[in-house]
Amino acid sequence: MAYPRPQPLSSPAALASATPASTLRPTDPDLLPKAQRRRLLLSYGLGDAGTGMAASLIGFYLFIFYTSAAGLPAWMAGLVLMVARLWDAMNDPVVGWLSDHTRTRWGPRLPWIFVSAVPLGAAMAAMWWLPPGGIWMKFWVFVAISVLANSLYTCVNLPYSALPAELTESTTLRTQLNTSRFTGSIIASLIGIVLGGILLKDHHIAGNYLRLGLLSGTVIAVCTLLCAWGIAPAARLASQPQLESGSTRRQLRRVRSNGRFLMVLGLYLMLWCALQIMQTAALIYLPVVMRLPESWSNWILLPFQIMTLVGLQIWTRVAAVRGRVQALRWGTSLWIVGCLAAMLMLPLDAAVAPTGSLGNGVRLVMLLAAILLVGLGASTAYLIPWSLLPDAIDADPEKPAGLFSAWMVLGQKVCISVALFLFGNLMSLSGYQASRGILQPDSALVAIRLCMGLIPAVLVVLGLVIMRNWPERGLHLQAQSR
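Procedures and definitions
Residues numbered from 1 in each chain as written. Predicted model: local features only at pLDDT ≥ 70, side-chain atom pairs only at ≥ 80, totals over all residues. Heavy atoms only, no water. pLDDT = per-residue confidence, 0-100. Helix = DSSP H or I, 4+ residues; strand = E, 2+ residues; numbered from the N terminus. Contact = heavy atoms within 4.5 Å. Expected span 1.5 Å × (residues − 1). Buried < 20%, exposed > 50% of the residue type's maximum accessible area, 1.4 Å probe, protein only. Axes fitted to C-alpha atoms, helices over the stretch in contact; angles between N-to-C directions. Parallel < 35°, antiparallel > 145°, perpendicular 65-115°, else oblique. Left-handed = near helix turned anticlockwise from the far one by under 90°. Salt bridge = Lys/Arg side-chain N within 4 Å of Asp/Glu carboxyl O.

### Overview of the confidence of the model for the protein chain
Residues of the protein chain with pLDDT of at least 70 account for 88%, and the chain-wide mean is 81. Ranking the elements of the protein chain by mean pLDDT puts helix 1 (residues 12–17) last, at 34, and helix 17 (residues 454–466) first, at 95. Across residues 1–27, where pLDDT falls below 50, the model places 53 contacts with residues more than four positions away in sequence or in other chains.

### Concerning unusual backbone geometry
At Arg291, a position not held by glycine, the phi torsion is positive, near 65 degrees. Along the chain, the position of Arg291 falls in the loop between helix 10 (259–289) and helix 11 (294–299).

### Details of helix 7 (residues 171–199)
End to end, helix 7 covers 41 Å across 29 residues, agreeing with the expected 42 Å (1.5 Å per residue, within 8%). The buried fraction of helix 7 amounts to 21 of the 29 residues, a majority that puts the element mostly inside the structure.

### Points about the packing of helix 2 (residues 34–47) against helix 6 (residues 135–167)
A packed helix pair is summarised by two numbers, namely the angle formed by the two axes and the spacing between the axes. Here helix 2 crosses helix 6 at 155 degrees, and the two axes come no closer than 10 Å. Relative to helix 6, the element helix 2 lies roughly antiparallel. Considering the relative orientation of helix 2 and helix 6, their crossing is left-handed. Two secondary-structure elements touch here, helix 2 through Leu40, Tyr44, Gly45 and Gly47 and helix 6 through Tyr160, Ser161, Leu163, Pro164 and Leu167.

### Details of the pattern of salt bridges
Counting across every chain of the model gives two salt bridges. A salt bridge links Asp48 to Arg181, with the nearest nitrogen and oxygen atoms 3.5 Å apart. In this pair, Asp48 is assigned in the loop between helix 2 and helix 3 (49–69) and Arg181 in helix 7, connecting sequence segments 133 residues apart. A single burial state applies to Asp48 and to Arg181, both of which are buried. Note that Asp391 is salt-bridged to Arg324, the shortest N-O span being 2.7 Å. Here Asp391, found in helix 14 (residues 358–394), pairs with Arg324, found in helix 13 (residues 324–344); they are 67 residues apart in sequence, far enough to count as distant. Among the residues examined, Asp391 registers a relative accessible area of 7% and is labelled buried.

### Focus: helix 2
For helix 2, built from 14 residues, the straight-helix expectation of 20 Å at 1.5 Å per residue is met to within 8% by its first-to-last C-alpha distance of 20 Å. Inspection of helix 2 places Gln36, Arg39, Leu40, Leu41, Ser43, Tyr44, Gly45 and Gly47 among the buried residues, and these make up the whole buried set.

Given below as structure tokens:
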């Protein structure tokens, strides 16, 4: 399947002075044949399917694995997550710089995705292995495996994330690519939750986690390779960074001076810290605070993922008609309402089955409603920041997509690592103990409710404040008129 060869612009000055018609690339909707555009969108969606499944399983289950199956105290489990992500964050600028400077006939990004796919799947599977030895031995093994897995994840995901800005200048197609990306991610996450519900009926059995890890590792490797194969014709003809020589200090200055990028980064950090805290707290909140059986807790995550998938489609349409910032405002408003509802929810009667009484039935319905609202609103965390990032990259004359994608991911990892470390310490300070049948103190119940409600709601509001001056300027209307 042949793609027409693009007419590249030779310099940053030419890029700045070109008209919209002259900067259209062969993957823009006006030029790309329908069958080729479908292949591009489907293949790009596969790229985040395997890693999306792994990220979802890690977000929901890894803290539980460390505490319930491996026996680590909550503060130590949070420390593992923080140390691994901080080390991982250090790799992002390196991989971003290297991929920007990679020169092959397949383009700068594709070789990184191809080479790292299988090692990434193996490392992600190993994260769920319970090593022998005492608590500190387990701690250091978990850190080492996580460092390796997250570093390989960077080698795949960062070049992959940089591609939309290089494949097209169309705001519509960029949003469609990110919608396809996160649709694949969330569908794979749904499959992961189903597997979790089947294999992790008892959160204390370590062997079940390893089986889940082997399945997800296989999916990661296969989906990543299929993605690289599918996008190869377009990726090899995509535009490449117009790089000028410069020091690391110069690169940092250009990042700091890009006001649009700083706004996107701030939004991304706030939304993803809120989402990560809620995901980590969810499998504690449901059985401990809401008194759902553990088997119910696994399956009740499905409505959240389903509504996140629905939300992607809704907010994509809203962004096309009303703009991405308006879609962000509407979606996050629902998210905030769902957070506060979850925080104030009355627990079920543990002596009766979840559907065994009218009171339990009503509370279960209210809980599901809150979960649906959160899922619908939280889909903006997936879609909107990555849809806005290419606009920030376009504001730089050299358009180094790898550089800005690297700092986007680095900021996310540092912020989330600190948030998870603070979450683990908050659980320990509140008196929470990850042991079955223990009656948790009131302080622990309050801390868990705050992590499901007020804390993420405040972070989402801060994200909206950061975006209050975003220069949307009717870009969605310009895209519609093309």
